[in-house]
Number of protein chains: 2
Amino acid sequence: MNIIPPKVLAFDVFGTVVDWHSSIWREAEALIPGVDGNRFASAWRAGYKPAMDEVRSGQRGWTKIDDLHRIILDRVLKDFDIALDEQKRRTLNRAWHRLNPWPDTVEGMQRLKSRFMLTSLSNGNLGLLANMAKHAALPWDLILSAEVFHHYKPDPETYLGVADIFELQPDQVMLVAAHEDDLDAAKACGLQTAFIRRENEYGPDILMKYGDLTRFTYSANDLHDLAAQLGV
Amino acid sequence: MNIIPPKVLAFDVFGTVVDWHSSIWREAEALIPGVDGNRFASAWRAGYKPAMDEVRSGQRGWTKIDDLHRIILDRVLKDFDIALDEQKRRTLNRAWHRLNPWPDTVEGMQRLKSRFMLTSLSNGNLGLLANMAKHAALPWDLILSAEVFHHYKPDPETYLGVADIFELQPDQVMLVAAHEDDLDAAKACGLQTAFIRRENEYGPDILMKYGDLTRFTYSANDLHDLAAQLGV
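Residues numbered from 1 in each chain as written. Chains lettered and ligands numbered in written order. Predicted model: local features only at pLDDT ≥ 70, side-chain atom pairs only at ≥ 80, totals over all residues. Heavy atoms only, no water.

**Structural notes on the sheet that holds strand β5 (residues 192-196) of chain B**
All names here are of chain B.
- Spatially, six strands are ordered β3-β2-β1-β4-β5-β6 in an open sheet, and the strand pairing comes out parallel. In this open sheet, the two edge strands, each paired with only one partner strand, are β3 (142-145) and β6 (218-220). Neighbour-to-neighbour, the strand axes of this sheet turn through a mean angle of 25°, independent of strand direction.
- Summarising the sheet, β5 and β6 pair through three bridges and their orientation is parallel. Each bridged residue has a counterpart across the sheet, and for alanine 194 the counterpart in β6 is tyrosine 218. (Pairing = 2+ DSSP bridges. Helix = DSSP H or I, 4+ residues; strand = E, 2+ residues; numbered from the N terminus. Axes fitted to C-alpha atoms, helices over the stretch in contact; angles between N-to-C directions.)

Written out as structure tokens, the structure is:
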């Protein structure tokens, strides 16, 4: 284990900092009478990675997440055979700006912020992340997004971009994330890594299973646990 | 006067939010025995606009402010006939990350933040602005920089870029600045404008003189005054 503490903690956001599944579930059921919000949230999210991969491969030009979310939403509504007017589609698409934090998030971030520089490193666009931070009182020092780098994670330009912005070596930055693929990509770029366990990220019907977590610099049950392990 | 309130306040930073002159003065005198910190700060800042204009005209490729500050610093040290080793030059160049706020800044921003989305719109780079915000406890909702747009103010891409990030019309954004040229450029892009009086920005020997300030949406003595005029 690397024992030199990092200077910057760069956080994945969807799933790591905020609970997208229950937030989208609730907003979908509030707006669409009779819909199964649990299934709807999962279907919407399932389109996320393929849509970004279209951008990452160059098949689609740079497109921000708000617009990708909308493209996927229109497709999911069709699959679910739901008629929804334009105004309601817009309102629902903005639900991603109003995601709620996990119970430990805000206090855990406040603890970590006393020692480290906290930045987001999310595929969400800047406007979405700023609205979410205001909604959920997330105490970022800086909001960084794939939008700044015009590259989506797991492209190396995103992880190395954080180090470059702070004029640090890669191992002075630690990615904090609930997703092994994100952490593996950061590790391959030389960043330190902190895994956060979010077993219910995909809702109550799915319990996440993880691989060997000892390959990451830290592995924690939540942000309080990470703060404690970092001696904050 | 436009009476529809804006949704986002975009702040100029150097001079409007932080007092660069006295901060640089003090750090220069602390590091360089016998130097006239007042003159030194003014000479360093005098190189700022010409250096950015080299980037804006395409004469120099994209270069962030930290690097422009360093180029100017080396020139000023030569002009002042001061020998300074590499480590001290680096320390002094980072003084721009440690600028102190004006007395009204933090409380004024807190008031405004309760009603509006607050973002920086500064020519300073993201790392500089994040370090400064942590140093000075500036409660930004979002940190935006010329670095995001790869255009320096007063290029229109910066002002219109803020509106685009929040998916707003230009007149739903208000630039808050102590500089008439910055506000004029924002106004030409359709933004609302708030002038903040910082008569001692350039130190005790220079009292700023201003033109007709009624051309701006608001004109205020400080951020508390602006908050009061906006009914916060």
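**Overview of the relation of the copies chain B and chain A**
- Taken as rigid bodies, chain B and chain A are interconverted by a rotation of 180° and an axial shift of 0.0 Å, the fit giving an RMSD of 0.0 Å. Those values place the two copies in the arrangement expected of a two-fold rotation axis. In terms of proximity to the rotation axis, the leading residue of chain B is valine 148 of chain B, whose C-alpha is 2.9 Å off the axis.
- When you check the interface residues of chain B against chain A, 100% turn up at the interface there too, and the contact is symmetric in its surfaces. (Least-squares fit on C-alpha atoms with pLDDT ≥ 70 in both. Contact = heavy atoms within 4.5 Å.)

**Here's the deal with the pattern of salt bridges**
- This model, assessed by the stated rule, comprises 36 salt bridges over all chains.
- For arginine 60 of chain A, the salt bridge identified is with glutamate 54 of chain A, shortest N-O distance 3.0 Å.
- The partner of lysine 134 of chain A in a salt bridge is aspartate 141 of chain B, and the shortest N-O contact between them spans 2.7 Å. Pair noted here: lysine 134 of chain A is in helix α7 (residues 126-136) and aspartate 141 of chain B is in the loop between α7 (126-136) and β3, and the two residues belong to different chains.
- With a relative accessible area of 8%, aspartate 141 of chain B lands in the buried category.
- Salt bridges sharing common partners tie together Arg70, Asp74, Glu86, Arg89 and Arg90 of chain A. (Salt bridge = Lys/Arg side-chain N within 4 Å of Asp/Glu carboxyl O. Buried < 20%, exposed > 50% of the residue type's maximum accessible area, 1.4 Å probe, protein only.)

**Quick look at the packing of helix α2 (residues 37-46) of chain A against helix α3 (residues 48-56) of chain A**
All names here are of chain A.
- Their axes nearest at 5 Å, the elements α2 and α3 cross at an angle of 15°. As far as their axial angle goes, α3 and α2 are roughly parallel. Seen from α2, the contacting residues are Trp44, Arg45 and Ala46; seen from α3, they are Tyr48, Lys49 and Pro50.
- Grouping the amino acids of the contact of α2 with α3 by side-chain chemistry returns four nonpolar, no polar and two charged. (Parallel < 35°, antiparallel > 145°, perpendicular 65-115°, else oblique. Nonpolar A, V, L, I, M, F, W, Y, C, P; charged D, E, K, R; others polar.)

**As for the nonpolar core**
- Among the nonpolar cores identified, the biggest contains 164 residues, and Phe40, Trp140 and Leu226 of chain A together with Phe40, Trp140 and Leu226 of chain B are the most heavily contacted of them.
- Non-local contacts of leucine 226 of chain A, meaning those with residues more than four positions away in its chain, are made with Leu112, Met174, Val176, Ala194, Ile196, Tyr218 and Ala220 of chain A. (Core = buried A, V, L, I, M, F, W, Y, C linked by side-chain atoms within 4.5 Å.)

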